[in-house]
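# An overview of the molecular structure
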Amino acid sequence: MTPHLPPLLVALGALLILAALPTACRLRQWTEHQRGLWHGLLALLSVFLAGYMALLWVMLHANHEDGTDYVAGVIFLGGGAFVWLTVAFTSRALAHHIEAGARLRAEALHDPLTGLPNRLLFNERFQHDLLMARRAGNPVAVMLLDLNRFKEIKDRKSTRLN
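Quick notes on the rules
Residues numbered from 1 in each chain as written. Predicted model: local features only at pLDDT ≥ 70, side-chain atom pairs only at ≥ 80, totals over all residues. Heavy atoms only, no water. Helix = DSSP H or I, 4+ residues; strand = E, 2+ residues; numbered from the N terminus. Buried < 20%, exposed > 50% of the residue type's maximum accessible area, 1.4 Å probe, protein only. Areas by Shrake-Rupley, 256 points an atom, 1.4 Å probe, with all protein chains shown as cover. Patch = residues over 30% accessible without salt bridge, like charges linked within 9 Å, V, L, I, M, F, W, Y side chains within 5 Å. Salt bridge = Lys/Arg side-chain N within 4 Å of Asp/Glu carboxyl O. Expected span 1.5 Å × (residues − 1). pLDDT = per-residue confidence, 0-100. Phe/Tyr/Trp six-rings, centres within 6.5 Å; stacked < 30°, edge-to-face > 60°. Axes fitted to C-alpha atoms, helices over the stretch in contact; angles between N-to-C directions. Parallel < 35°, antiparallel > 145°, perpendicular 65-115°, else oblique. Contact = heavy atoms within 4.5 Å. Nonpolar A, V, L, I, M, F, W, Y, C, P; charged D, E, K, R; others polar. Core = buried A, V, L, I, M, F, W, Y, C linked by side-chain atoms within 4.5 Å. Arc of directions from axis to C-beta. Polar contact = N/O pair within 3.5 Å; in protein donor to acceptor, adjacent residues only side chain to side chain.

### Notes on the overall build of the chain
The helix and strand inventory of the chain stands at 5 helices and 0 strands. The helix and strand sequence of the chain, counted from the amino end, reads α-α-α-α-α. Counting over 162 residues, the chain shows a buried share of 23%. Total accessible area computed for the chain in this model is approximately 12000 Å², and 65% of it derives from carbon and sulfur atoms.

Below is the structure:
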């Protein structure tokens, strides 16, 4: 049996955990409202990494002839792969969830036929702008534009599309 194989397996496991760190950092950036949760994940990954480095040091400086190093090496390689896969799949699922939420929000705030902002978005933006103007002590003006027979035309066009 090759004495360098177990430390190599542990080192590969540590590299897998290192490869998961950038993805874990992106997860933290995507979910600002749950920042503490992702700080915990980064701390856990750091502890795993420290454990891997400690085991690697022991393996390189101890003389084990009974084969336990091989078992530990395989277990730590599997652990590294598990951590990397878990972070990668969590990242994909979260990205899909965020994109779906953004798509639903856009659909809720825009007219499906014209793509123009609807009354709900107008009210949301107007309330925000009004609040900002009050804080700054600035006046606010609203300009309304009325299009004759717009509802009729829109209803006729949407009937054709259906």
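### What about a nonpolar patch on the surface?
The grouping of Leu5, Leu8, Leu12, Leu15 and Leu18 at the surface amounts to a nonpolar patch, some 430 Å² of accessible area in total. Within the secondary structure, Leu5 is located in helix 1 (residues 5–30).

### A closer look at the environment of Val87
Turning to its location among the elements, Val87 is positioned in helix 3 (residues 68–109). As a C-alpha pair, Val87 and Ala20 span 67 residues in sequence and 6.3 Å in three-dimensional space.

### Things to note about the pattern of salt bridges
Per the stated rule, a full pass over the model turns up 2 salt bridges. Across the pair Arg105 and Glu124 runs a salt bridge, and its minimum N-O distance is 2.5 Å. With a gap of 19 residues between them, Arg105 in helix 3 and Glu124 in helix 4 (residues 119–136) connect regions that are remote in the sequence. Assessed through its relative accessible area of 45%, Arg105 is described here as partly exposed.

### Notes on helix 3
Over its 42 residues, helix 3 runs 61 Å from end to end, which matches the ideal 62 Å to within 8%, given 1.5 Å per residue. Where helix 3 is concerned, the buried positions are Asp69, Tyr70, Gly73, Gly80, Val83, Val87, Ser91, Leu94, Ala95 and Leu109.

### Quick look at the confidence of the model for the chain
With 85% of its residues at a pLDDT of 70 or more, the chain shows a mean pLDDT of 79. Ranking the elements of the chain by mean pLDDT puts helix 5 (residues 150–161) last, at 71, and helix 4 first, at 92.

### Re the packing of aromatic side chains
Overall, the coordinates contain 1 aromatic pair when judged by the stated rule. Ring geometry for Phe122 and Phe126: centres 5.8 Å apart, planes at 10 degrees, overall stacked. Of the two residues, Phe122 and Phe126 are both situated in helix 4; the distance of 4 residues between them amounts to about one turn of the helix.

### Side note on the packing of helix 3 against helix 4
The axes of two packed helices give the description: the angle between them and the distance between them. Packing of helix 3 against helix 4 brings their axes to within 7 Å, and their N-to-C directions diverge by 100 degrees. Relative to helix 4, helix 3 is oriented roughly perpendicular. Along its contact with helix 3, which presents Arg105, Ala108 and Leu109, the element helix 4 presents Leu120, Leu121 and Glu124. Its residues assigned to classes, the contact of helix 3 with helix 4 shows 4 nonpolar, no polar and 2 charged.

### Looking at the nonpolar core
Ranked by internal contacts, the top residues of the largest apolar core, which has 15 residues, are Val10, Ile17, Ala24, Leu45 and Tyr52. Elements represented by at least two residues in this core include exactly helix 1, helix 2 (35–61) and helix 3. Ranked by residue count, the leading element in this core is helix 2, at 8 residues. Contacts of Ala24, omitting those with residues within four sequence positions, involve Leu41, Leu42, Leu45 and Val87.

### Digging into helix 4
The terminal C-alpha atoms of helix 4, which comprises 18 residues, lie 25 Å apart, in line with the 26 Å expected from a rise of 1.5 Å per residue. All of the buried residues along helix 4 are Leu121, Leu130 and Ala133. Across the axial projection of helix 4, the buried residues extend over an arc of 160 degrees, all falling on one side. Exposed residues on helix 4 whose side chains face more than 90 degrees from its buried face are Leu120, Gln127, Arg134 and Arg135. For helix 4, the elements touching its buried residues are helix 3. Capping the start of helix 4, Asn118 holds a side-chain oxygen 3.2 Å from the backbone nitrogen of Leu120, two or three residues further along. Phi turns positive one or two residues past the end of helix 4, at Gly137, with a value near 75 degrees.

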